[in-house]
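Summary of structural features
What follows is each chain in one-letter form.
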Amino acid sequence: MNAEARPAVRPHRNLVGGLSAMKAVFARDLRVAFRQRQDLLNPLLFFVMVVTLFPLGVSPEVSFLREAGAGILWVAALLSVLLSLDHLFRHDFDDGTLEQLVLQPQPLFLLVLAKTLAHWVLTGLPLVLLAPVLGVMVHLEGNSIWVLCLTLLVGTPVLSLIGSIGAALTLGLRSAGVLLSLLIIPLYIPVLIFGTGTVAAAAEGAAVGGYLALLGAFLMLALTLAPFAASAALKISLSNA
Amino acid sequence: MWQFFHKLGSPKWFFGIANRLMPWLLAGALILLLAGLVWGLLFAPKDYLQGNSYRIIFIHVPSAFLAQSVYIMMAVAAVVTLVWRMKLADVFVKAVAPVGLLLTFLALFTGAVWGKPTWGTWWIWDARLTSMLILLFLYGGVIALGRAISDEKSAARSVAVLVLVGVVNIPIIKYSVEWWNTLHQPATFKLTEKPSMPAEMWVPLLLSVLGLYLLFGWLACLRMKTEILAREQRTRWVKDYIQAGRA
C-alpha cells in the first residue's frame, strides 16, 4: 500500500459547514478509489462470477433461470457489497485519516454518511448498471429487468448504509471479514425479501408500487438512522485502538 | 430514588441482592412450571382439531415469547450501557445473550416438531419462522462480537450498538403473522382481548410462561453472578467472598 498516493483530508477552517465537509470527504474518497482501480473492479468481477455459478451449479434451464434470476442477482449483489464493505473504513483506519475525521468540528455522522454514499457510488451503482446485462443472461423478460434494476437502485444504498454499521463495529478486529458478514447478513434479509418480492410481483403482472414504497421506506430509515449508529460505533472502535 | 439507581450500578450490591432473590426465583419457577406443564401436558383437554399434538404449545409458546422479550430486555440494557455507562447493564447483556439464543433455538425446534404433524413439514419459509431464524442469527452475532473484542469497555459499547440496531427485527417478528398471510397462526395471547381458547388450556399456558420468566430470572442472576466474579476478581470483596466460601 502506497501511503503517499492517498490524498489527505484537507484541513478545514472552523467555519466550513457540514455540507461542504461532506462534499470534501465524498470527493476525496472517489479520488482515492480511482487511484486504485483494481479495488473498484473486484466487487464487479465477483458479482458476475457469483451469477455465473448458478446456471453452472444448479441448472442452465431457461425456465429455472427466469424464475430464480432476480433472486440470484440480488444475492450476488448482496455478497459483493458485503465483500467490499471491509474497505469502507479500513484504509483510513490504518493510516490515521479516520482519527482526523473524528476530530473534525463537523458532526461525524455527516462525514460517515458522505463516506457511505461514496462507497455506494463506487460499488452499488456499478452493480445496478451491470444488472441489465446479467438480467438478459439469466433470461429475465423485458419488464422484469427494469423492475430489477429499480429495486437494486433503491436497495443497494440500504445495503451500504446498514453495512457501514457493521464495518465500523468490526474495525481493528482480527477476523473482521467473517464477523462482519455474521453481523450484517441478518439485517440484510428483509431488504433481500422485498427486493426479490418486487420482481416476482412484476413477473406475475401484479402492481409493484407497494413493494417499491416499502423499499423506499427501508432506504429512508437507513439513511436517517444508520449514520448515527455507524459514527457511534466508529468512536468506540477508535477509542479501543 | 437516585441513590437506589446508583446502588443498582454497583456489582457488589447486586451480588447480595441476587443471592437473596435466587432461592425465591427458583422455587417460584419450579412450582409454576411444574403446575403449568403437568396440567397442560396431562390434564388439559384435547384440541378439537389437532388432538394431542397441540400440547407442545406449553413449551413452544413460552420459549418463543421469552426469546423475544429477552432481546427487548437486552435492548433496554444496551440503552443503559450507552447512556449511563452502567457496568451491570453490560453484565446483563453478556450473561443473557446465550440464554436468548437457546430459547430461540428451543422455539424453532419445538415449532418444527409441532409443524410435522399439523402442517406436514418440519420447516417452511413462512414469515414468522424466518424472522425467528433471523433472531437466532442476531443473538449469534451479538455473542460473536462480544467475544471478538478484547477490551471490556469497548466490547460492551459495541455490543450495545449492535443490539439496538437489531431491535428492528422484533416488531417484524411480532407482526409477521398479521402483515403476511402465512401458515403460522396468530398470537395465542393478547392483552386486550379474551383468549379464544377454553380456560383449561390458557391457564396452564399462562402458568408456564410466568414460570419460564422466573426461571430466566434465576438463570440471569446465576450467570450475572459468575460474570461479576470474573470481572471483579481483583477486588477486596470478591476475595473475602471466596475466602468465606472456603472456610
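Residues numbered from 1 in each chain as written. Chains lettered and ligands numbered in written order. Predicted model: local features only at pLDDT ≥ 70, side-chain atom pairs only at ≥ 80, totals over all residues. Heavy atoms only, no water.

1. Some details on the overall build of chain B
Regarding its fold elements, chain B presents nine helices and zero strands. Taken from the N to the C terminus, the helices and strands of chain B come in the order α-α-α-α-α-α-α-α-α. For chain B, with 247 residues in total, the buried portion stands at 46%. Summarising the internal contacts of chain B: among those between residues at least 6 apart in sequence, 75% fall at separations of at least 24. (Helix = DSSP H or I, 4+ residues; strand = E, 2+ residues; numbered from the N terminus. Buried < 20%, exposed > 50% of the residue type's maximum accessible area, 1.4 Å probe, protein only. Contact = heavy atoms within 4.5 Å.)

2. Digging into the interface of chain A and chain B
Listed by partner, the interface residues are 17 residues for chain A and 18 residues for chain B. For the pairing of chain A and chain B, the buried interface totals around 1600 Å² over both sides, and the portion due to carbon and sulfur atoms is 85%. Linking chain A to chain B there are zero salt bridges. Where chain A touches chain B, the interface holds zero residue pairs in polar contact (both at pLDDT 80 or more). Within the residue set of the side of chain A that touches chain B, elements represented by two or more residues are α7 (142–169), α8 (176–203) and α9 (209–240) of chain A. Considered class by class, the residues forming the side of chain A that touches chain B number 14 nonpolar, three polar and no charged. (Buried area = accessible area lost by both parts, 1.4 Å probe. Salt bridge = Lys/Arg side-chain N within 4 Å of Asp/Glu carboxyl O. Polar contact = N/O pair within 3.5 Å; in protein donor to acceptor, adjacent residues only side chain to side chain. Nonpolar A, V, L, I, M, F, W, Y, C, P; charged D, E, K, R; others polar.)

3. Considering the packing of aromatic side chains
All names here are of chain B. Tallied over the entire structure, the rule returns seven aromatic pairs over all chains. Ring centres of Y71 and Y139 lie 5.5 Å apart, and the angle between their planes is 75°; on these two criteria the pair is classed as edge-to-face. With Y71 in helix α3 (residues 57–84) and Y139 in helix α5 (residues 127–148), this pair connects stretches of sequence that are 68 residues apart. Exposure class is identical for Y71 and Y139. Each is buried. Counting every residue linked through ring pairs, the aromatic cluster contains F15, W237 and Y241. Residue placement shows K225 over the ring face of F15; its charged tip is 5.4 Å from the ring centre. (Phe/Tyr/Trp six-rings, centres within 6.5 Å; stacked < 30°, edge-to-face > 60°. Lys NZ or Arg CZ within 6 Å of the ring centre and 35° of its normal.)

4. So, helix α6 (residues 152–166) of chain B
With 15 residues, α6(B) extends 21 Å between its outermost C-alpha atoms, agreeing within 8% with the 21 Å of an ideal straight helix rising 1.5 Å per residue. Taken residue by residue, α6(B) has S154(B), A155(B), A156(B), S158(B), V159(B), A160(B), V161(B), L162(B), V163(B), V165(B) and G166(B) as its buried positions. (Expected span 1.5 Å × (residues − 1).)

5. Looking at the pattern of salt bridges
Across all of its chains, the model carries 11 salt bridges over all chains by this definition. The closest approach of N and O atoms between R28(A) and D92(A), which form a salt bridge, is 3.3 Å. Here R28(A), found in helix α1 (residues 18–35), pairs with D92(A), found in helix α4 (residues 87–94); they are 64 residues apart in sequence, far enough to count as distant. Assessed through its relative accessible area of 5%, R28(A) is described here as buried. Measuring nitrogen to oxygen at the nearest pair gives 3.9 Å for the salt bridge that ties E152(B) to R231(B). In this pair, E152(B) sits in helix α6 while R231(B) sits in helix α8 (residues 199–231), placing the two residues 79 residues apart along the sequence. Exposure remark for E152(B): the relative accessible area of 43% places this residue in the partly exposed category. Exposure remark for R231(B): the relative accessible area of 19% places this residue in the buried category. Ionic contacts of the salt-bridge type, sharing partners, join the residues D90(B), K94(B), E152(B), E227(B) and R231(B) into one network.

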